[in-house]
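If you want the building blocks of each chain, they are given just below.
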Amino acid sequence: MSDIDELQRRITAAMDRIATGVGGLAQSGGADSAALESALDDEKLANAQLTERLRALKERYEAAVADSKASASVAEARMTDLDLELQRLRKANDQLRQSNAALRTANEEGVGEPHLINKAMMAELEALRAARAADVAEASSIIGALTPLLDQVDAAEGENSDA
């Protein structure tokens, strides 16, 4: 972008020098003032075209930045969901380990306590649910990342079939 701004500044400065020179020639009655006027008009047209191209480039750049920010926020939300599910899975697995350890201890002592068995089964079910939720969150994150890529491929194939 800075290269374009620099080129525009240089073109504007050159046009100002040409205008000054044309004004000086017109006062001195130079024979090629018509040619210089034509050159000045050509430079003004080129400058206008460059200005328009610059405006279009800036608009495309701003649109691309906005799209990137939107994609980043969606990806961040997916990663947050995945992280929450993974934390839930870790917690459920910790509970399962504790319940199983208590159940093993009770069985070693010869005391079969039904509440420990129920607690262990509930912890195992919660671990399974958390694992399933983590899998769903991970799959959703992968699908979300692949969807834009597949859309680009579909768009490219559509353009190629039109040609």
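Check the entry above for the structure.
Note on numbering: residues in each chain are counted from 1, in written sequence order. Where local features are concerned, this predicted model is filtered to residues with pLDDT of at least 70; where side-chain atom pairs are given and counted, the filter is 80 or more; whole-chain, interface and lining totals use all residues. Calculation of side-chain values draws on the structure's entire complement of heavy atoms; hydrogens and water are dropped beforehand.

Enquirer: Talk me through the overall build of the protein; I want residue IDs and the actual numbers.
Expert: Each helix and strand counted, the protein has three helices and zero strands in total. Counting from the N terminus, the helices are DSSP H or I runs at least four residues long and the strands are E runs at least two residues long. Counting from the amino terminus, the protein carries its helices and strands in the arrangement α-α-α. Atoms counted for the radius of gyration: C-alpha only. Globule rule: 2.2 Å times residue count to the power 0.38. Taking 15 Å as the expected radius of gyration for a compact globule of 163 residues, we find that the protein reaches 35 Å, considerably beyond that expectation. Principal axes of the C-alpha set define a box for the protein whose edges measure 120 × 35 × 15 Å. Accessibility here uses a 1.4 Å probe with only protein chains present; expressed as a share of the type maximum, an area under 20% marks a residue as buried, one over 50% as exposed, and anything in between as partly exposed. The 163 residues of the protein split such that 14% are buried. Computed with the Shrake-Rupley method and a 1.4 Å probe, the accessible areas treat only the protein chains shown as cover for residues. Roughly 12,100 Å² of accessible area belongs to the protein as shown, and the carbon and sulfur atoms make up 56% of that amount. When the 18 positive and 30 negative side-chain charges of the protein are each reduced to one mean point, those points stand 6 Å apart. Residues scored as charged are limited to Lys and Arg (positive) and Asp and Glu (negative), so that His and the chain ends carry no count. For charged residues, the charge sits on one atom: NZ in Lys, CZ in Arg, CG in Asp, CD in Glu.

Enquirer: Outline the pattern of salt bridges, supporting the account with residue identities and numerical values.
Expert: Salt bridges are defined by distance alone: a side-chain nitrogen of Lys or Arg within 4 Å of a carboxyl oxygen of Asp or Glu. Tallying each qualifying case throughout the model produces six salt bridges. Its salt-bridge partner being R55, residue E52 comes within 2.2 Å of it at the nearest N-O pair. In this pair, E52 and R55 are both assigned in helix α2 (residues 33–108), three residues apart and thus about one turn of the helix distant. A residue is classified by how much of its surface remains accessible, and R55, at 38% relative accessible area, is partly exposed. The residue R88 makes a salt bridge to E85 at a minimum N-O spacing of 3.4 Å. Taken together, the positions of R88 and E85, both in helix α2 and three residues apart, correspond to about one turn of that helix.

Enquirer: I'd like a rundown of a negative patch on the surface, residues and numbers included.
Expert: Residues forming no salt bridge and having over 30% relative accessible area are the ones grouped into patches, like charges within 9 Å of each other and nonpolar side chains (Val, Leu, Ile, Met, Phe, Trp, Tyr) within 5 Å. A surface patch of like charges, here negative, comprises E37, D41, D42 and E43. Structurally, the position occupied by D42 is in helix α2. Note on D42: relative accessible area 49%, which makes it partly exposed.

Enquirer: Tell me what's going on with the nonpolar core, and back it up with residues and numbers.
Expert: As a rule of thumb, soluble globular proteins bury nonpolar side chains together. We call a set of buried Ala, Val, Leu, Ile, Met, Phe, Trp, Tyr and Cys residues a nonpolar core when their side-chain atoms join them within 4.5 Å. The biggest cluster of nonpolar side chains holds seven residues, and these are L89, A92, L96, A123, A127, A130 and A134. Every element with two or more residues in this core is listed here: α2 and α3 (114–162). Of all the elements, α3 adds the most residues to this core, at four residues.

Enquirer: Give a description of the side chain of S141 that names residues and reports values.
Expert: On the secondary structure map, S141 appears in helix α3. Classification of S141 by relative accessible area gives buried; the value is 16%.

Enquirer: Go over the side chain of N47 with me, naming the residues and quoting the values.
Expert: Turning to its location among the elements, N47 is positioned in helix α2. Looking at N47, the relative accessible area reads 14%, which means it is buried. Other than its neighbours up to four places away in sequence, N47 contacts Q8, I11, T12 and M15. The contact definition used throughout considers only heavy atoms, calling two residues in contact when any of these lie within 4.5 Å.

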